[in-house]
Amino acid sequence: MIKKFFKYTAAALVLATTIQVTPTFANPVTNGQIDATKEQINDFETKIQQLDNRISVAIEKSQELNEEIATQQGKIEETEAEIGKAETALENHKKVYSERLKSIQLNGDQSVVRYAELLLSSGSVSEFFNRFTAISQFIESDTELLNGLNEKEQALIEAKEQLHTQIDQLKQSQVQLAAEQAQIEKDKEQIETDLAAAEGTLQAQLAQQEAEQQAAEQARLQLEQQSLVTTTTTTLTPTPALASAPAPAPATPTAIAANVTSSASANAVIANAKQYLGVPYVWGGSTPSGFDCSGFVSYVYRSVGISLPRTSSAQQNVGTRISLNQLQPGDLVFRGSPAYHVGIYIGGGQYIHAPQTGDVVKIAPFNPSKFSTASRVLQ
């Protein structure tokens, strides 16, 4: 009897110890907390991508503006040459006409008398009208010629002023655009600083949460094992054996329901894209020395003879719009409407893209919930 009492006492002590250990992990980190931390990190990355896109678009506009200014400057130079020729012709004609005016002034009314004598000396009414018509046409044509040259001169001057106005407006727009870019870059520096600090904190927080969750899970399994051992080593009233709960099935990423048919062109696009893994992100970059997101996509697709617009928002309107659950390798995937980020889906729940400032071209898991639209440009 005493022997049995000691066995019960030992069993009770083991169970009590087990109960005392449990509170340490009574409030384990939940998946929801970890997901919230990941969402915060994603929000910061989204802000960076949006700023990157704004800067890339501003750079593109600046380049277009510079080209337009050069074109307008060329037109101004052509117009100035035309004005020079017209002014020379006009000055020559004015000299001739000026001499005639001087002659009329010196002769007083003699020119009028001469015209009158010429008319009165007509031998017939018919001859009179013929001479009158000729004199009138001469005076009228001479006046019209002078007026026409003046009008042409004025038109050319106005055209020159208009072109100068246009070039001034374009230069002003360029200054405004440069100021906007400077402000964007200033804002970006600030958000990069915030991101670096916050993301470092969040990453550390995420690692700690995951570690705590893993430790809690291991402790739970150990407690279950200890409980089973205690039950089997005591002589307490037999109880049904504790059935170990089946291990939860490993979480798998949401499958993308799509009929994946890799065409030769899709394979070529993906193979070409992978050549640039590790290339740094550069604002407005569209060459292997540095890419932004849309510059990377347009460069890769050019390798298979497909010309795409330069910006992600413009690329979003190319091809056939498809559902995010119909993706095939080679399709374009976008974040935002209008898009501020674009990548290339490569199959297997992954996509390749130039992520953001401070990063490089990389392959990343594709999460449909983070994307807004998709387009198919390969047929």
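Now for a quick tour of the structure.

What counts and how
- Counting from 1, residues in each chain are numbered in the order their sequence is written.
- This being a predicted model, a pLDDT of at least 70 is required before a residue's local features are given, and a value of 80 or more before pairs of side-chain atoms are given or counted; all residues contribute to the totals for chains, interfaces and linings.
- The side-chain figures draw on all heavy atoms in the structure; neither hydrogens nor water molecules are used.
- Helix numbering and strand numbering both begin at the N terminus, where a helix is a DSSP run of H or I of at least 4 residues and a strand a DSSP run of E of at least 2.
- For every residue, the accessible area (1.4 Å probe, protein chains only) is compared with the maximum for its type, and the residue is labelled buried under 20%, exposed over 50%, or partly exposed between those bounds.
- Any two residues having at least one pair of non-hydrogen atoms within 4.5 Å are treated as being in contact.
- For the accessible areas, the method is Shrake-Rupley and the probe is 1.4 Å, while residue cover comes only from the protein chains on display.
- A pair of strands counts as paired when DSSP detects no fewer than two bridges linking them.
- Each axis is a line fitted through C-alpha atoms, and for a helix only the stretch in contact is used; angles between axes span 0 to 180 degrees, taken between their N-to-C directions.
- Geometry of aromatic contacts follows a simple scheme: Phe, Tyr and Trp rings, the Trp one being its six-membered ring, pair when their centres are within 6.5 Å, and the pair is stacked under 30 degrees between planes, edge-to-face over 60, tilted otherwise.
- The nonpolar core is taken to be a set of buried Ala, Val, Leu, Ile, Met, Phe, Trp, Tyr and Cys residues, with the residues joined through side-chain atoms within 4.5 Å.
- Patches in this entry comprise residues that are over 30% relatively accessible and not in a salt bridge; like charges within 9 Å are linked, as are nonpolar side chains (Val, Leu, Ile, Met, Phe, Trp, Tyr) within 5 Å.
- By salt bridge we mean one thing: a side-chain nitrogen of Lys or Arg within 4 Å of a carboxyl oxygen of Asp or Glu.
- Asp and Glu count as negative and Lys and Arg as positive, but His and the ends of the chain are not part of the count.
- For charged residues, the charge sits on one atom: NZ in Lys, CZ in Arg, CG in Asp, CD in Glu.

1. Side note on the overall build of the chain
Next, step 1: From N to C terminus, the chain includes 7 helices and 8 strands.
Next, step 2: For the chain, the residues scored as buried account for 31% of the 379 residues in total.
Next, step 3: Contacts in the chain between residues at least 24 apart in sequence constitute 69% of all its contacts with a sequence separation of at least 6.
Next, step 4: Surface exposure of the chain reaches about 23,100 Å², of which carbon and sulfur atoms provide 56%.

2. Quick look at the sheet that holds strand E7 (residues 362-365)
Next, step 1: Across the sheet, 6 strands lie side by side as E3-E8-E4-E5-E6-E7; this open sheet has antiparallel pairing. Of all the strands in the sheet, just strand E3 (320-322) and E7 have a single pairing partner and so form its edges. Strand-to-strand twist of the sheet, defined as the mean angle between neighbouring strand axes without regard to direction, takes the value 35°.
Next, step 2: As paired strands, E3 and strand E8 (residues 373-376) are joined by 3 bridges and run antiparallel to one another. Bridge pairing in E8 places arginine 321 opposite serine 375.
Next, step 3: With respect to the sheet, helix H6 (residues 293-302) is in contact with strand E4 (332-335), strand E5 (341-347) and strand E6 (350-353), its orientation differing from that of E5 by roughly 45°.

3. Notes on the packing of aromatic side chains
Next, step 1: Considering all chains together, one arrives at 8 aromatic pairs under this definition.
Next, step 2: Ring geometry for tyrosine 276 and phenylalanine 291: centres 5.7 Å apart, planes at 70°, overall edge-to-face. Within this pair, whereas tyrosine 276 is found in the loop between helix H5 (264-274) and strand E1 (286-287), its partner phenylalanine 291 is found in strand E2 (residues 290-291), the two being separated by 15 residues in sequence. By the burial criterion, tyrosine 276 is buried, and phenylalanine 291 matches it.
Next, step 3: Cluster of aromatic residues (ring-pair linked, three or more members): Tyr276, Phe291, Phe296 and Tyr299.

4. Observations regarding unusual backbone geometry
Next, step 1: A cis geometry characterises the amide bond from serine 337 onward to proline 338, with omega recorded as 0°.
Next, step 2: With respect to the helices and strands, proline 338 occurs in the loop between E4 and E5.

5. Some remarks on the side chain of histidine 341
Next, step 1: Of note, histidine 341 is situated in strand E5.
Next, step 2: In this view, histidine 341 contacts Gln49, Cys293, Ser312, Val333, Phe334, Arg335, His353, Ala354 and Pro355; residues no more than four positions away in its chain are not counted.

6. Comments concerning the nonpolar core
Next, step 1: Counting 25 residues, the largest nonpolar core has Phe296, Val297, Tyr301, Leu332 and Ile344 as the members making the most contacts within it.
Next, step 2: For this core, the secondary structure elements donating two or more residues are H5, H6, E4 and E5.
Next, step 3: Top contributing element to this core by residue count: H6, with 5 residues.
Next, step 4: What tyrosine 301 contacts, discounting residues up to four positions off in sequence, is Val269, Ile306, Leu308, Gly330, Asp331, Leu332, Ile344, Val377 and Leu378.
Next, step 5: Leu324, Val333, Tyr345 and Ala364 belong to the second largest nonpolar core, which has 10 residues in total.

7. Things to note about the environment of lysine 188
Next, step 1: By secondary structure assignment, the location of lysine 188 is in helix H4 (residues 125-233).
Next, step 2: Among the residues examined, lysine 188 registers a relative accessible area of 0% and is labelled buried.
Next, step 3: In this structure, the C-alpha to C-alpha distance between lysine 188 and isoleucine 55, residues 133 residues apart in sequence, is 9.2 Å.
Next, step 4: Setting aside residues up to four positions removed in sequence, lysine 188 forms contacts with Ile48, Leu51, Asp52, Ile55, Trp283 and Thr357.

8. A look at a negative patch on the surface
Next, step 1: Together, Glu77, Glu78, Glu80 and Glu82 line one region of the surface with negative charge.
Next, step 2: Topologically, glutamate 77 is positioned in helix H2 (residues 31-106).
Next, step 3: The exposure class assigned to glutamate 77 is partly exposed, which follows from its relative accessible area of 48%.

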